Amino acid sequence: SRVEVGGFSDFMSKEIDEQPRSLRDTLAGRVDQEGRISLDELNITQEELKTIQKVVIVGCGTSLHAGMVARYALEHFVRVPVEIDVSSEFRYRDPVLSPTTLVVGVSQSGETLDTMVALSEAKASGAKTLVVSNVVGSSMARMADAVLYTRAGPEISVASTKTFIAQIGALEILALYLADLKRTLYPSEVNELIGRLNAVPEAISVALSQIKEYERVAQRLLGYDRFYFIGRNVGYPVALEGALKLKEITYTPSEGYPAGELKHGPIAMIDEQAVVVAIAPKGALYEKVLANVEEVRARGAKVVLVVNEMPAGHMASDDDVFLVPQVHQLFSPMVDVVPLQVLAHYTSVARGLDPDRPRNLAKTVTVE
Ligand code: G6P
């Protein structure tokens, strides 16, 4: 009994379609005439932020993956060490925190209990806390020292899509804000990067215009047993997110792996029934990911590449390709995840499942 929503067959496809606007709205109004970034509700002084020595990001599910993406930008642009942890692990591991630690909770709902407790314990230990939330006035937004809202609008589908992209956008703004404050980037570099970030919503629109092509690829994958998503650097959390989406709404065994770890275990699972989806945006590690693809192709896997152009000389005749526009490499997850969302959604509908209401899952988990 799937619903008809605004011309879409379900909320998930509607929310996938809304992604360019979710990101545009999240970025809008955060940069003034002089190119200065402003954040929403920041009860931490600029002096305090300048003293931050370590950032710890916590979250669950898709929000955790958004945090993992942001780690690369925070370390690269701000030169501050970043730890990332699953909220339910963080709170029980006696973490080392101090007033110069910034603990960032990422939570669409702002109500996930494990993330909320992680933040409140961090705050009690004297660390500064910031939450990235999609819900104004949510429990976490009221509790944290600072809030950075994503402006994705309500997300109904259990599997997160548009809030993932908006969370990454908000966290990239935070990274550029800190880089500006700490002067780890020149103001001109910050401006240039803001321009590159503002180009991402249009790149997502271009990716969305390829949905029919993505679905043709997804259709050819319907008969396979198992999926392995691989990537390096920011492609690694994209791989985790691709696998999570597919398992959440299609119940297909799927794993995400750093491409370099394949040979330490998962490659033993590769056979003709396995699909390997490799996230390979242009950049320093492009050739390395394609070399990992060679290893699985030689063992019979069906290969699907997420790339910015056809990789001439690196393809076999039965490989499939999800073409996506190229953006700044650190921002590429917001574009590269789109075909993986479409793959999961198409597979779910093709199997007669309801993508909006996966079995056993809740949109917001307010119990431990
Ligand atoms: C549940 C949802 C996921 C979501 C996660 C974290 O598991 O099914 O889609 O990513 O909670 O939720 P939050 O609201 O904290 O982002």
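Basis of the calculations
- Residues numbered from 1 in each chain as written.
- Predicted model: local features only at pLDDT ≥ 70, side-chain atom pairs only at ≥ 80, totals over all residues.
- Helix = DSSP H or I, 4+ residues; strand = E, 2+ residues; numbered from the N terminus.
- Rg over C-alpha atoms; globule rule 2.2 N^0.38 Å.
- Contact = placed C-beta atoms within 7 Å.
- Expected span 1.5 Å × (residues − 1).
- Bend = angle between axes of the 7 residues up to and from the residue.
- Buried ≥ 20, exposed ≤ 12 C-beta atoms within 10 Å, placed from the backbone.
- Axes fitted to C-alpha atoms, helices over the stretch in contact; angles between N-to-C directions.
- Parallel < 35°, antiparallel > 145°, perpendicular 65-115°, else oblique.
- Pairing = 2+ DSSP bridges.
- Near = placed C-beta within 6 Å.
- Nonpolar A, V, L, I, M, F, W, Y, C, P; charged D, E, K, R; others polar.
- Right-handed = clockwise from strand over helix to strand, strands pointing away.
- Core = buried A, V, L, I, M, F, W, Y, C linked by C-beta atoms within 7 Å.

When helices and strands are tallied, the chain shows 14 helices and 11 strands. Taken over the C-alpha trace, the chain has a radius of gyration of 20 Å; the compact-globule value for 368 residues is 21 Å, and the two agree within 12%. The principal-axis extent of the C-alpha atoms belonging to the chain is close to 55 × 45 × 40 Å. Once local pairs closer than 6 in sequence are excluded, the contacts in the chain between residues at least 24 apart make up 75%.

Before going further, it helps to examine helix H4 (residues 61–78). With 18 residues, H4 should reach 26 Å at 1.5 Å per residue; the first-to-last C-alpha distance of 25 Å fits that figure. Alanine 70 marks the point of greatest bend in H4, at about 25°. Most of H4 sits inside the fold, with 14 of its 18 residues counted as buried. One or two steps after H4, the chain reaches arginine 79, where phi turns positive at roughly 55°.

Before going further, it helps to spend a moment on the packing of helix H8 (residues 162–181) against helix H9 (residues 187–198). Running from amino to carboxyl end, H8 crosses H9 at an angle of 170°, the nearest separation of the two axes being 10 Å. Classified by the interaxial angle, the pair formed by H8 and H9 is roughly antiparallel. For the pair H8 and H9, the contacting residues are Glu172, Leu176, Ala179 and Asp180 in the first and Pro187, Val190, Leu193, Ile194 and Leu197 in the second.

Inspection of the secondary structure puts glutamate 83 in strand E3 (residues 82–86). Using a count of 15 C-beta atoms within 10 Å as the deciding quantity, one classes glutamate 83 as partly exposed. As a C-alpha pair, glutamate 83 and serine 138 span 55 residues in sequence and 25 Å in three-dimensional space.

Ordered in space as E1-E6-E5-E4-E2-E3, the six strands form an open sheet in which the pairing is mixed. The sheet is open, and its two borders are formed by strand E1 (41–42) and E3, each paired with just one other strand. Relative to E3, strand E2 (residues 54–59) is paired through five bridges, and the arrangement is parallel. Following the sheet pairing, valine 55 is matched in E3 by valine 82.

Our focus in this paragraph is the site of the ligand. Looking at the ligand, there are 16 residues lining it, with Gly61, Ser107, Gln108, Ser109 and Thr112 nearest. With three residues, H4 is the single largest residue contributor to the shell around the ligand. Among the residues making up the shell around the ligand, the classes are represented as five nonpolar, 10 polar and one charged.

Next up on the list: unusual backbone geometry. Residue arginine 79 is not a glycine yet carries a positive backbone phi of 55°. For arginine 79, the location among the structural elements is in the loop between H4 and E3. Backbone geometry places arginine 183, a non-glycine residue, at a positive phi of 60°. On the secondary structure map, arginine 183 appears in the loop between H8 and H9.

Here we come to the environment of leucine 197. For leucine 197, the location among the structural elements is in helix H9. Sequence separation between leucine 197 and isoleucine 173 is 24 residues, and the spatial gap between their C-alpha atoms is 8.7 Å.

Our next topic: the pairing of strand E8 (residues 254–258). Note on strand geometry: in a regular strand, side chains alternate between the two faces of the sheet. In terms of strand pairing, strand E7 (residues 226–231) meets E8 through five bridges, oriented parallel. Looking at the pairing, tyrosine 228 lines up with glutamate 255 of E8. The parallel pair E7 and E8, bridged by helix H12 (residues 235–250), forms a crossover whose chirality is right-handed.

Taken together, the five strands give an open sheet; going across it, the order is E8-E7-E9-E10-E11, and neighbouring strands pair in parallel fashion. The open sheet terminates on both sides in strands that have one partner only, identified here as E8 and strand E11 (320–323). Between one strand axis and the next, the sheet turns through 20° on average, direction left out of account. Looking at chain direction, E7 and strand E9 (residues 274–279) are connected through five bridges and run parallel. Directly across from phenylalanine 227, in E9, lies its bridge partner valine 275.

Okay, the nonpolar core next. Grouped together as the largest cluster of nonpolar side chains are 115 residues, with contacts concentrated most on Ala175, Val276 and Ala278. When near neighbours in sequence (up to four residues on either side) are disregarded, valine 276 contacts Tyr228, Ile230, Val293, Val296, Ala301 and Val303.

All right, on to H12 then. When the terminal C-alpha atoms of H12 are compared, their 22 Å separation across 16 residues agrees well with the 22 Å that a helix rising 1.5 Å per residue should span. Of all 16 residues that make up H12, 15 are buried, and the element is covered over most of its length. The positive-phi residue at the C-terminal boundary of H12 is tyrosine 251, with phi of around 60°.

What follows deals with the environment of alanine 301. Mapped onto the elements, alanine 301 comes out in the loop between helix H13 (286–297) and strand E10 (302–307). The exposure class of alanine 301 is buried, given the 24 C-beta atoms found within 10 Å. Residues alanine 301 and valine 277 lie 24 residues apart in sequence; the distance between their C-alpha atoms is 9.8 Å. Excluding anything up to four places from it in sequence, alanine 301 contacts Ile270, Ala274, Val275, Val276 and Val296.

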